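So the chains spell out like this:
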Amino acid sequence: MSIKHVLIVDDEPDIRELLALTLARMGVESEPAASVAEARRRLAEGHFDLCLTDMRLPDGDGLEIVAHIQRHHPGLPVAVITAYGNVEDAVRALKSGAFDFVSKPVDLEVLRRLVDTALRLGPPRPPGPAGGTSRLLGESPAMRRLRQTIAKLARSQAPVFISGESGVGKELVAREIHALGPRAERPFVPVNCGAIPRELMESEFFGHRKGSFTGAVSDKAGLFMAAAGGTLFLDEVADLPLDMQVKLLRAVQERRIKPIGGTEELPVDVRILSASHKSLQDEVAAGRFRQDLYYRLNVIELRVPPLRERREDIPLLAGHFLRRIADQWGQPPKHLDTAARDALQHYDFPGNVRELENILERACTLSEGDEITAADLDLPTPPATTAAAPTDAADTPQDERAAIRAALERTRWNRTAAARQLGMTLRQLRYRIKKFGLDQE
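Chains are numbered independently. Their residues run from 1 in the order of the written sequence. Residues qualify for local features only when their pLDDT is at least 70, as the model is predicted, and side-chain atom pairs are given and counted only at 80 or more; totals for whole chains, interfaces and linings, by contrast, use all residues. The side-chain numbers reported here are obtained from all heavy atoms of the structure, hydrogens and water having been left aside.

**Re the sheet that holds strand 1 (residues 5-9)**
If you walk across this open sheet you meet the 5 strands as 2-1-3-6-7, and the pairing is parallel. The two strands at the open ends of the sheet, each matched to only one other strand, are strand 2 (29-33) and strand 7 (100-103). Across this sheet, the average inter-strand angle for adjacent strands is 20°, counted without regard to direction. Pairing between two strands requires that DSSP report at least two bridges joining them. Under the DSSP-based scheme used, a helix requires at least four consecutive residues in state H or I and a strand at least two consecutive residues in state E, with every element numbered from the N terminus. Note that strand 1 and strand 2 share 5 bridges and pair parallel. Within strand 2, the position partnered with Val6 by the bridge is Ser30. Contacts between residues were defined by any pair of non-hydrogen atoms, one from each residue, lying within 4.5 Å. As a rule, the C-alpha atoms of each element are fitted with a line to give its axis, helices using only the stretch in contact, and angles between N-to-C directions run from 0 to 180 degrees. Helix 2 (residues 36-45) contacts strand 1 and strand 2 of the sheet and is inclined by roughly 140° relative to strand 2. Where helix 5 (residues 108-119) meets the sheet, it contacts strand 3 (50-54), strand 6 (78-82) and strand 7, and its direction lies at approximately 140° from that of strand 3.

The following block contains the structure:
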């Protein structure tokens, strides 16, 4: 195995010596640089597998080195050393393209894990085509851009918030980021934050010690430890209660957790990916989500496009689902007739890719031959414009309530999609749902 080389950029000789000694014990060679200018010179003259740079340098800062490497050595991971507790510098570095960061005073175990992860990166890989190694099917411009962005994000340890409507495939995107990165051989642990009972949340995330509460008959590791060395995917993170958000913030910021009943904090090495169909900015504005946690989780936001923005991918997706359904049922795949294909491409899919799969599974059950017709699809009929406008002054409150309830049922209670159908903002819809007591049903 070839020897790895690391460039160490720091103007303090003691820090350079400490880092060089730590790397030498890992079998990694290093070269020092004391300034931005010297670092640029070293980068031009030699080959490196990683760059470690201090944030504060005599002739500039670490962000200049990050930017230089992004432009001239895009395959080289660079990690920034920040002052203790300086979250802003860490976030700025990650947004600029840094692989990761480590805080002073440098915890050598944290540093070793960072170096080990970075050196597993290898050269950049092109994003896989649809139908190839990628889980994300589609050749529309939107999907090509998405796969290109994922390939870049996979080479970083920055927290990513994956936004998008229900059913667009946010977990698939998270799995793709994990699979293309240096943690691919380590665990990928998904958790639906809205599905964990509130009283069990702390134990589920951080674990507990035997006897720490009634029912704790043995030690439990928790989700952070289950994802050690890998990726923890927090789905529907906006559903976390505020008290749990405080504890999660500390875990993400300090990279340490304390199990219930434990006496000391434990270091954790996980990459955090999160997602929600809700707007975190709206949740912060409403006081339901902490702004400081928002900034830590949303270092980079990745939007997954809804199906209606990539209609040209529908035939490819439909073919994929029909083949998968046929394999599961042990029969030859069915195909869509021209009218059915046309109907799918003109439907808005408020439930997105998940809804497409459900529609096709139902159609396979209803169709009698090997061909699926438009009638077999049984697509919901879009409401007439006049009937769907609950804000019309001529409507009675009863009519308005009925129209809202019908839209929610059509979209399987996807409020964003229902608001769009009704021609109102999400905030207006939420107000009316509460006003008419629809959230109590």
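**Regarding the side chain of Asp337**
For Asp337, the position within the fold is in the loop between strand 15 (335-336) and helix 14 (338-345). For the exposure calls, accessible area comes from a 1.4 Å probe over protein chains only, and a residue counts as buried if that area is under 20% of its type's maximum, exposed if over 50%, partly exposed in between. Positive charges come from Lys and Arg alone, negative charges from Asp and Glu alone, with His and the N- and C-terminal ends not counted. Salt bridges are defined as contacts in which a side-chain nitrogen from Lys or Arg sits within 4 Å of a carboxyl oxygen from Asp or Glu. For Asp337, which is buried and forms no salt bridge, the nearest opposite charge comes from Arg341, at a distance of 7.1 Å. Apart from residues lying up to four places away in sequence, Asp337 is in contact with Glu371, Ile372, Thr373 and Ala374.

**A few points about the packing of aromatic side chains**
Any two rings among Phe, Tyr and Trp, with Trp reduced to its six-membered ring, count as a pair given centres within 6.5 Å; such a pair is stacked if its planes are under 30 degrees apart, edge-to-face if over 60, and tilted if neither. Enumeration over the complete set of coordinates arrives at 6 aromatic pairs. The interplanar angle of 70° and the centroid separation of 4.7 Å between the aromatic rings of Tyr347 and Phe349 together place this pair among those described as edge-to-face. Exposure class is identical for Tyr347 and Phe349. Each is buried. Consider the ring centre and the ring normal. A charge sits over the ring if Lys NZ or Arg CZ is within 6 Å of that centre and within 35 degrees of that normal. Over the aromatic face of Phe101 sits the side chain of Arg255, whose NZ or CZ is 4.3 Å from the ring centroid.

**Things to note about the nonpolar core**
Ranked by internal contacts, the top residues of the largest apolar core, which has 32 residues, are Phe205, Phe224, Leu232 and Leu234. Of all the elements in the fold, those that place two or more residues in this core are strand 9 (188-192), helix 8 (201-206), helix 9 (223-226), strand 10 (231-235), helix 10 (242-254), helix 11 (280-285) and helix 12 (291-297). Counting residues per element, this core draws most heavily on helix 10, at 5 residues. The residues touching Phe205, leaving out its near neighbours within four places in the chain, are Val191, Cys193, Ile196, Gly222, Leu223, Phe224, Leu234, Leu240 and Met244. One finds Leu94, Met143, Leu146 and Ala174 within the second-largest nonpolar core, a separate group that totals 24 residues. Joining through side-chain atoms within 4.5 Å is the link that ties buried Ala, Val, Leu, Ile, Met, Phe, Trp, Tyr and Cys residues into a set, and such a set is a nonpolar core.

**A look at helix 3 (residues 62-72)**
All of the buried residues in helix 3 are Gly62, Leu63, Ile65, Val66, His68 and Ile69. For helix 3, the N-terminal cap is Asp61; the gap from its side-chain oxygen to the backbone nitrogen of Leu63 is 3.0 Å. In protein, a polar contact requires one atom able to donate a hydrogen and another able to accept it; more generally it is a pair of N or O atoms within 3.5 Å, and residues adjacent in sequence count only if both atoms are side-chain atoms.

**Digging into helix 6 (residues 141-153)**
In this scheme, a helix's expected span is set at 1.5 Å multiplied by one less than its residue total. Its 13 residues give helix 6 an end-to-end C-alpha distance of 18 Å, which sits within 8% of 18 Å, the value for a rise of 1.5 Å per residue. Turning to helix 6, its buried residues number three or more, namely Ala142, Met143, Leu146, Arg147, Ile150, Ala151 and Leu153. On its buried face, helix 6 sits against strand 8 (160-163), helix 7 (170-180), strand 13 (271-276) and strand 14 (300-303).

**Quick word on the sheet that holds strand 14**
Read from one edge of the open sheet, 5 strands run 9-10-13-8-14, paired in parallel fashion. Taken across any chain shown, the strands that pair with only one partner, and hence form the sheet edges, are strand 9 and strand 14. The mean angle between the axes of side-by-side strands here comes to 20°, regardless of whether they run parallel or antiparallel. Pairing analysis gives 5 bridges linking strand 9 to strand 10, with the strands arranged parallel.

**Regarding the pairing of strand 1**
Counting buried positions over the 5 residues of strand 1 gives 4, a clear majority of the element. A crossover counts as right-handed when, viewed with the strands pointing away from the observer, the path leading from the first strand over the helix to the second turns clockwise. A crossover connection joins strand 1 to the parallel strand 2 through helix 1 (residues 13-25); in handedness this β-α-β unit is right-handed. In this sheet, strand 3 lies alongside strand 1 in parallel orientation, the contact comprising 4 bridges. When the bridges of strand 3 are listed, Val6 appears paired with Leu50.

**Some thoughts on the packing of helix 13 (residues 314-329) against helix 15 (residues 352-366)**
One can describe the packing of helix 13 onto helix 15 by two numbers: an axis separation of 10 Å at closest approach and a directional angle of 50°. Relative to helix 15, the element helix 13 is oriented oblique. Helix-helix and strand crossings are classified by hand; for helix 13 and helix 15 the assignment is right-handed. Here Ile314, Leu317, Ala318, Phe321, Leu322, Arg324, Ile325 and Trp329 of helix 13 come into contact with helix 15, specifically with Val353, Leu356, Glu357, Leu360, Glu361, Cys364 and Thr365. Throughout, the ten residues Ala, Val, Leu, Ile, Met, Phe, Trp, Tyr, Cys and Pro are labelled nonpolar, Asp, Glu, Lys and Arg are labelled charged, and all others, Gly among them, are labelled polar. Classifying every residue of the contact of helix 13 with helix 15 by side-chain character gives 11 nonpolar, 1 polar and 3 charged. Should an angle fall under 35 degrees it is taken as roughly parallel, and over 145 as roughly antiparallel, whereas 65 to 115 is taken as roughly perpendicular and any remaining angle as oblique. The hand of a helix crossing depends on one turn: near helix anticlockwise from the far one by less than a right angle means left-handed, and clockwise means right-handed.

**Observations concerning the pattern of salt bridges**
Evaluation of the coordinates by the stated rule reveals 30 salt bridges. Across the pair Arg120 and Asp116 runs a salt bridge, and its minimum N-O distance is 2.6 Å. Classification of Arg120 by relative accessible area gives partly exposed; the value is 29%. One salt bridge in this structure joins Arg303 and Glu309, with 2.8 Å as the shortest N-O distance.

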